Amino acid sequence: LKVLLVQDKDSTKAAASMAVNAGHFDDPLDRQGLAHFLEHMLFLGTEKYPDVDEYSSYLKTYGGYSNAYTASDHTNYQFQVLPDGFEGALDRFSQFFISPLFTEEYTAREVNAVNSEHQKNMLNDNWRQFRISSLFARDGHPERKFGTGNLETLGDITRKELIDFYKLHYSANRMGVALLSTHSLEEME
């Protein structure tokens, strides 16, 4: 795992960003949108923090928020929080990459969330242009893949498929994390 630690004693926020070297180019042809779907599922409980609202509630308590995105060649997860909540936020955040639950009861909900995101994107000229331009890539090139996913590509996905993709692509040698805080470098380490 590559780690970058930044101490900023004058910062009013603490933050973390994890990049995983896996994006929609890594989607199987028969499961386009899987990397994006996995991004959504990681936020929905871990062995240590099984409550699906634990992470977001904790961040809100400490004036923070989180976000994530899936690109063609990587997926990025990030949060920011007041420095007093950094250690607890980092513990909750790190559990996504250690012991996610991938609870089946949330699968349909998140497939619908991914589908809603796709439908929203269809109304956006930039997204439509991006999708159309990808169709001009040569046959077999990963640029042709449909990275967002929808009900058609993900509607019948199984928990096993999700776990297999996670195990294949989410390992420390394919990750890098950057931490910024008022904490000392020794404390962050």
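Structure shown above.
Just so you know, these numbers come straight off a predicted model, no measurement behind them. (Residues numbered from 1 in each chain as written. Predicted model: local features only at pLDDT ≥ 70, side-chain atom pairs only at ≥ 80, totals over all residues. Heavy atoms only, no water.)

Visitor: Teacher, can you tell me more about helix α2 (residues 54-61) here?
Guide: Because an α-helix completes one turn every 3.6 residues, residues spaced three or four positions apart along the sequence face the same direction. Looking only at α2, the buried set comprises Tyr55, Tyr58 and Leu59. Projected onto a plane normal to the axis of α2, the buried residues spread over an arc of 100° and lie on a single side. In this structure, α2 carries Lys60 and Thr61 as exposed residues pointing more than 90 degrees from its buried face. Looking at the buried side of α2, the elements it contacts are β3 (65-70), β4 (75-81) and α3 (86-95). One or two steps after α2, the chain reaches Gly63, where phi turns positive at roughly 65°. (Buried < 20%, exposed > 50% of the residue type's maximum accessible area, 1.4 Å probe, protein only. Helix = DSSP H or I, 4+ residues; strand = E, 2+ residues; numbered from the N terminus. Arc of directions from axis to C-beta. Contact = heavy atoms within 4.5 Å.)

Visitor: Help me understand the sheet that holds strand β2 (residues 14-20), please; the structure alone is not making it clear to me.
Guide: The strand order across the open sheet built from 5 strands is β1-β5-β2-β4-β3, with neighbouring strands paired in mixed fashion. The sheet is open, and its two edges are formed by β1 (2-7) and β3, each paired on a single side. Mean inter-strand twist for the sheet, computed between neighbouring axes without regard to direction, equals 10°. In this sheet, β4 lies alongside β3 in antiparallel orientation, the contact comprising 6 bridges. Note that in β4 the partner of Tyr65 across the bridge is Gln80. Lying over the sheet, helix α1 (residues 34-41) contacts β3 and β4, oriented at roughly 165° with respect to β3. Docked against the sheet, α3 engages β2, β4 and β5 (175-181), running at close to 155° with respect to β4. (Pairing = 2+ DSSP bridges. Axes fitted to C-alpha atoms, helices over the stretch in contact; angles between N-to-C directions.)

Visitor: I would appreciate a short explanation of the packing of α1 against helix α4 (residues 107-121) in the present structure.
Guide: Packing of α1 against α4 leaves a shortest axis separation of 10 Å and a crossing angle of 120°. With respect to α4, the axis of α1 lies oblique. Where α1 crosses over α4, the handedness of that crossing is right-handed. Seen from α1, the contacting residues are His36, Phe37, His40 and Met41; seen from α4, they are Thr107, Glu110, Val111, Ala113, Val114 and Glu117. Partitioned by chemical class, the residues of the contact of α1 with α4 number 5 nonpolar, 3 polar and 2 charged. (Parallel < 35°, antiparallel > 145°, perpendicular 65-115°, else oblique. Left-handed = near helix turned anticlockwise from the far one by under 90°. Nonpolar A, V, L, I, M, F, W, Y, C, P; charged D, E, K, R; others polar.)

Visitor: Just to check I follow, could you spell out the packing of aromatic side chains for this structure?
Guide: Aromatic rings considered in pairs are described by the distance between their centres and by the relative angle of their planes. All chains considered together, the criterion is met by 15 aromatic pairs. Centre to centre, the rings of Tyr55 and Phe96 are 4.9 Å apart; their planes meet at 75°, and the pair counts as edge-to-face. Of this pair, Tyr55 sits in helix α2 while Phe96 sits in the loop between α3 and α4, and the two are 41 residues apart along the sequence. In this structure, Tyr55 and Phe96 share a single accessibility class: buried. For the ring pair Tyr77 and Tyr170, a centre distance of 6.5 Å and an interplane angle of 70° mean the geometry is edge-to-face. Here Tyr170 lies in the loop between α7 (159-169) and β5 and Tyr77 lies in strand β4, a separation of 93 residues in the sequence. In this structure, Tyr77 and Tyr170 share a single accessibility class: buried. (Phe/Tyr/Trp six-rings, centres within 6.5 Å; stacked < 30°, edge-to-face > 60°.)

Visitor: I would appreciate a short explanation of α7 in the present structure.
Guide: Among all positions in α7, only Leu162, Ile163, Phe165, Tyr166 and His169 are buried. One side of α7 carries all its buried residues, which in axial view fall inside an arc of 160°. Opposite the buried face of α7, at more than 90 degrees from it, the exposed residues are Lys160, Lys167 and Leu168. At its buried positions, α7 is contacted by β2 and α1.

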